[in-house]
Structures are given as C-alpha cells and as structure tokens.
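Report on the structure
Here is how the chains run, residue by residue.
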Amino acid sequence: MRMKKIKKVVLAYSGGLDTSIIISWLRENYGCDVIAFIADVGQGGEAKDAYRKALKTGAIKAVIKDLKKEFLEEYCFPALRAQAKYEGSYLLGTSLARPVIAKGMVEVALKEGAEAVAHGATGKGNDQVRFELTTMALAPHLKIIAPWREWSIRSREDAIDYAAKHGIEIPVTKKRPYSMDGNLWHLSHEGGELEDPWNAPSKHVFLKTQDPATAPKKSKNVLISFKNGFPFTLNGIKLESVSLLEKLNAWAAKYGIGRVDIVENRLVGMKSRGVYESPGATVLYEAHRALQSLTVERDTHHYSQVLSIKYAELIYNGQWFSPLRESIESFFSEMQKPVTGEVRVELNPGRVTATGVKSPYSLYQQDLATFGEDEVYNQKDAEGFIRLYGLPLKVVGAVKRKTR
C-alpha cells in the first residue's frame, strides 16, 4: 500500500544491503524524492562507491560529509577517556558512530527542507533507537521512516531477492550474508554462521586484523602521549587524530590485536552475537588505562569505574544527547585533567600490554611504595588504623559469638 505522501526524505545511506533497496522502496511507497546522506566515518572507499550507487538507484541527490575528525574527537575519544566498554568488552564502535551520522543527517534534512528522515536499521536492533533518539533530540519536528518496521520484507534473504528483482547492486550474497559496519574505530560482523554461538568465527570473517597465529613474532614497542586524557603523539611525533588512529590501526592489525567475540544484551531485550575488530582503539584503551592508574587518586578512580559502566550503557542505548550522558561527561572532563604523560605499550600476537608509564602529575611515590628501607612511612602507624577500620567487624563478631 502507498503510504501518506511525503515530498522529500533524507536517508542515512551506506550502500549496504538494507539502504541499497530502501531508496527504491521509499519512492514506490511514499512517492517522495530521496536524498542520500553518506557519512564518511572512516569506512574507506565505500563512501565514494555509495555516492555512485545512490544516484544510480534513484536518489535525486547524494551528499557525502567527512565526519572522521568529529567522530574521533567528539565521540570516540570521550568514550576512551571514560574507559567505556559495553558489558566489559565492546568498545562501542557502531554505537558511537550512529549519533554523529544521525546528527549529520538531520543537518542535511534541515538545509534541504526535507519533511522526514529515514534509516535502514531493523526493528530488532539497537541502531533504530540510536538514529531516532538523536533525531528527536536535535529536530523533534521531523518525521522518521523506518522501512524495516513497515515493509513486507522479513529477512536478509528477502532483501537480497528484492534487490535482484529491481536490479539493485548489493555488497552481500546468500553465501556471505554477514551484516557489517565499519569505521575508523572498528569493524563489526553479525549474521550468517555467527548466529549460532557455538560456531567459531571462520577465518574469512575477519577483514581488518591479521590472524594472530600468523602475526609477527617479534614484538613492537609504541610510545603514546596523552594530554588531559586525549592521545596526541605516537613515538614522539605529534599527529592529527585521524592520522594517529590510522597508524595505530595498521600496526595493531598486523598483530591481530582487538578481536572481540561476545554475546551481548541488546536494548530491545534479546541477546545477539557480535564479532568486532578494533585494533587501534584496543591499544589506546590499554595505554590510557595505564596512565590513568598513575595520575588519578583512589576514590575518584574507583568511582569513575562505576560511572564508566553507566556511560557505556547510555552510548549503547542511543542516549548520546541525553542530559545524563552530558552530565557524566562533565565528571570525566574534570577527572581527566591530570591524565597527561607518556605510555609505552608492547604489541604482541593477539594482545597489547602497557610496559611503562610516566607523567608530570604522577601520584606514585617510590619512597612510599618501596619494599626496601625507607624513612617516610612509619609502619607502626598501620596498627591504630587497622584497629579503627576493623572496629565494626570486631563488634559484629563479638555479638555473633554471644548468640551462638
């Protein structure tokens, strides 16, 4: 059935399976002009290919916007400073990309006078929430069209058949049906054989990182400098954010660093299996963790670990532009002021390890921590401290003894 007529829609377009067929579907069912918005967040040559495909498949206009620098500096690096990992391991590559893409899409919609925006996220996933919450926060008057919640297509196989019927070029086949999302921060893989958690990922799944079994045996040392929690040099050379991560990605990928295979809890309530490749980001997280442990005092450090979990959940759940996320960001901005210094990390097959750290704001004092003789710490002082610290336990223990 033909939907209520809309004159102009801006579609978040990647050139992948879903968005490739959506241009045709929107024109058929809404009778609208479609502008394809293509965000370059570091997915490589795909942006230019998507531009060509969008016009070929019926878009009246295609807009490419280079968002790589904004993506890293305003989304990924804040997550890094918060040590945000969803469920302890996912570095949030897709979750961080969606709000910056949706923001760019909204900006194009406002500039072009569009009445609506559209996305290719399914009704089962998290991305629909991320796109739509961002749109609601930035332009609540825009209508949102989510074809996967409206059309009769029910599977990726159906979508592949639709593309074949309409002569639409697509990047997947029924033999390689993975859903992939790539950017500077990571490359994700879902679907196909990965839908069975018992199946180990085939070697051909990984496209960004080398198999650790064939990685160089000789380790590589890398020096990374941070200022207020933001990385800015590699091996003593100051680099712009995009160049810095591209270099780290290349070095770490050769060692097979940054592979994560998890069954995660989606916001919509189901569990989903995802395989992620985040080589450079994994190195940055390890280096930042080491520097933070040296420069942030105990109580703040421990409390940050509590907020880090919530911060990651807010990002994963599409709430980047929420007041709570922005408030927690204020905490991390203040906390990161002393996180300045240099970290030495060692790259080995499948892993990265911080092996040295120094900072002008170091809270580590060797004369206090030493196991050798010192004249700073009076060990006898610990006796009174332990008596007071353990007093509640002593009282409880005495009461229990009486009631036995």
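Summarised in this report is the structure supplied together with it. What you are looking at is a predicted structure, and each value in this text was computed from that prediction instead of being measured. (Residues numbered from 1 in each chain as written. Predicted model: local features only at pLDDT ≥ 70, side-chain atom pairs only at ≥ 80, totals over all residues. Heavy atoms only, no water.)

**What about helix H5 (residues 127-138)?**
Which entries qualify depends on this criterion: Counting from the N terminus, the helices are DSSP H or I runs at least four residues long and the strands are E runs at least two residues long. Each helix should span, by expectation, one fewer than its residue count multiplied by 1.5 Å. Whether a residue is buried, partly exposed or exposed follows from its accessible area with a 1.4 Å probe, protein chains only, as a fraction of its type maximum: under 20%, in between, or over 50%, in that order. Note on contacts: a residue pair qualifies if any of its non-hydrogen atoms lie within 4.5 Å across the two residues.
Taking 1.5 Å as the rise per residue, H5 with twelve residues should run 16 Å; its terminal C-alpha atoms sit 17 Å apart, in good agreement. Those residues of H5 not exposed but buried are Asp-127, Gln-128, Val-129, Arg-130, Phe-131, Glu-132, Thr-134 and Thr-135. Buried residues along H5 sit against strand E1 (8-12), helix H4 (93-112), strand E4 (116-118), strand E5 (143-145) and helix H9 (298-316).

**Thoughts on the pattern of salt bridges**
Note that side chains of opposite charge can pair when their charged atoms are close. The line we're drawing: Criterion for a salt bridge: a side-chain nitrogen of Lys or Arg within 4 Å of a carboxyl oxygen of Asp or Glu.
A full pass over the atoms with the stated rule returns 24 salt bridges. Two residues, Glu-169 and Arg-52, come together in a salt bridge whose shortest N-O distance is 3.6 Å. Residue Glu-169 is located in the loop between helix H6 (156-165) and strand E6 (179-182), and its partner Arg-52 is located in helix H2 (residues 46-56); the two are separated by 117 residues in the primary sequence. A relative accessible area of 40% means that Arg-52 is categorised as partly exposed. Residues participating in the shared-partner salt-bridge network are Lys-65, Glu-70, Lys-103 and Glu-107.

**Focus on the packing of aromatic side chains**
So the rule is basically this: Here is the rule: rings of Phe, Tyr and Trp (six-membered ring for Trp) pair when centre to centre is within 6.5 Å. Planes less than 30 degrees apart are stacked, more than 60 are edge-to-face, and the remainder are tilted. Note on criteria: charge over ring means Lys NZ or Arg CZ within 6 Å of the ring centre, with the direction from the centre no more than 35 degrees off the ring normal.
Taken as a whole and assessed by the stated rule, the structure comprises 14 aromatic pairs. Three or more aromatic residues joined by ring pairs make a cluster, and in this case those are Tyr-75, Tyr-303, Tyr-311, Trp-320, Phe-331 and Phe-332. A cation sits over an aromatic face here: Arg-130 above Tyr-316, 4.9 Å from the ring centre. It is Lys-220 that lies over the ring of Trp-251; its NZ or CZ is 4.7 Å from the centre.

**Things to note about the packing of helix H3 (residues 68-81) against H4**
Note the cut-off: In this analysis an axis means a line fitted to C-alpha atoms, helices contributing only their contacting stretch, and an angle means the value between N-to-C directions, from 0 to 180 degrees. These descriptions rest on fixed angle ranges, namely under 35 degrees for roughly parallel, over 145 for roughly antiparallel, 65 to 115 for roughly perpendicular, and the rest for oblique. Helix crossings fall into two classes, left-handed where the near helix is turned counterclockwise from the far one by less than a right angle and right-handed where it is turned clockwise.
Contact pair H3 / H4: the axes reach a minimum separation of 10 Å and the direction vectors enclose 140 degrees. Taken together, the axis directions place H3 and H4 in an arrangement best described as oblique. H3 and H4 meet at a crossing whose hand is right-handed. Within the contact between the two elements, H3 uses Glu-70, Phe-71, Tyr-75, Cys-76 and Ala-79 and H4 uses Gly-93, Leu-96, Ala-97, Pro-99, Val-100 and Lys-103.

**Some thoughts on the environment of His-301**
As for its position among the elements, His-301 is in helix H9. With a relative accessible area of 18%, His-301 lands in the buried category. For the pair His-301 and Pro-140, spaced 161 residues apart in sequence, the C-alpha separation works out to 37 Å. What His-301 contacts, discounting residues up to four positions off in sequence, is Gln-292, Ser-293 and Val-296.

**Considerations on the pairing of strand E2 (residues 33-40)**
Short version of the rule: A pair of strands is considered paired only if DSSP assigns at least 2 bridges between the two. We call a crossover right-handed when, viewed with the strands running away from us, the connection from the first strand over the helix to the second turns clockwise.
Among the eight residues of E2, seven are classified as buried, and the element is accordingly described as predominantly covered. Where E1 and E2 come together, five bridges link them in parallel fashion. The residue of E2 that forms the bridge with Leu-11 is Ala-36. With respect to chirality, the unit in which E1 leads through helix H1 (residues 17-30) into the neighbouring parallel E2 is right-handed. Here E2 pairs with strand E3 (residues 61-66) via six bridges, running parallel. Following the sheet pairing, Ala-36 is matched in E3 by Ala-62.

**As for the packing of H4 against H5**
Between H4 and H5, the shortest axis-to-axis distance is 9 Å and the interhelical angle comes to 40 degrees. With respect to H5, the element H4 is oriented oblique. With respect to the hand of their crossing, H4 and H5 are arranged in right-handed fashion. For the pair H4 and H5, contact is made by Thr-94, Ser-95, Arg-98, Pro-99, Ile-101, Ala-102, Lys-103, Met-105 and Val-106 and by Asp-127, Arg-130, Phe-131, Thr-134, Thr-135 and Leu-138, respectively.

**Description of the side chain of Glu-264**
Going by this rule: Only four residue types enter the tally: Lys and Arg on the positive side, Asp and Glu on the negative side; His and the chain ends are excluded. Here a polar contact is taken to be a pair of N or O atoms separated by no more than 3.5 Å, where protein atoms must pair a possible hydrogen donor with a possible acceptor and residues adjacent in sequence count only if both atoms sit in side chains.
Mapped onto the secondary structure, Glu-264 falls in strand E11 (residues 259-265). Put simply, Glu-264 is tucked away with no salt bridge, and the nearest opposite charge, on Arg-266, sits 5.5 Å away. A polar atom in the side chain of Glu-264 sits 2.7 Å from the side chain of Tyr-276. Within the structure, Glu-264 has its side chain in polar contact with the side chain of Tyr-316 (distance 2.6 Å). In this view, Glu-264 contacts Tyr-86, Glu-87, Asn-126, Met-270, Lys-271, Ser-272, Tyr-276 and Tyr-316; residues no more than four positions away in its chain are not counted.

**A closer look at the nonpolar core**
To be explicit about the condition: We call a set of buried Ala, Val, Leu, Ile, Met, Phe, Trp, Tyr and Cys residues a nonpolar core when their side-chain atoms join them within 4.5 Å.
Core analysis: the biggest nonpolar cluster contains 73 residues, and Leu-96, Trp-185, Ile-224 and Leu-284 have the highest contact counts within it. Apart from residues no more than four positions distant in its own chain, Leu-96 is found in contact with Phe-71, Tyr-75, Cys-76, Ala-79, Leu-91, Trp-185, Ile-315 and Trp-320. Among the nonpolar cores identified, the runner-up in size contains 31 residues, and Leu-17, Ile-145, Ala-159 and Ile-168 belong to it.

**Describing the sheet that holds E11**
Taken together, four strands build an open sheet; the order of strands is E6-E7-E12-E11 and the sheet is antiparallel. Strands at the two margins of the open sheet, each flanked by one partner only, are E6 and E11. On average, each strand axis in the sheet is inclined to that of its neighbour by 20 degrees, with strand direction left out of account.

**Some remarks on unusual backbone geometry**
Peptide bonds are, in most cases, trans, and in most cases residues other than glycine have a negative phi. Although it is not a glycine, Gln-83 sits at a positive phi angle of roughly 50 degrees. With respect to the element layout, Gln-83 can be found in the loop between H3 and H4. The backbone phi angle of Asn-235 is positive, close to 50 degrees, even though this residue is not glycine. Relative to the helices and strands, Asn-235 is located in the loop between strand E9 (230-234) and strand E10 (237-238).

**Considering the environment of Glu-73**
Assignment of secondary structure puts Glu-73 in helix H3. Judged by its relative accessible area of 30%, Glu-73 falls in the partly exposed class. A sequence separation of 157 residues divides Glu-73 from Phe-230, and the C-alpha atoms of the two residues are 8.5 Å apart. Looking at Glu-73, its side chain comes within polar contact range of the side chain of Lys-69, at 2.8 Å. Side-chain polar atoms of Glu-73 contact the side chain of Ser-241, separated by 2.8 Å.

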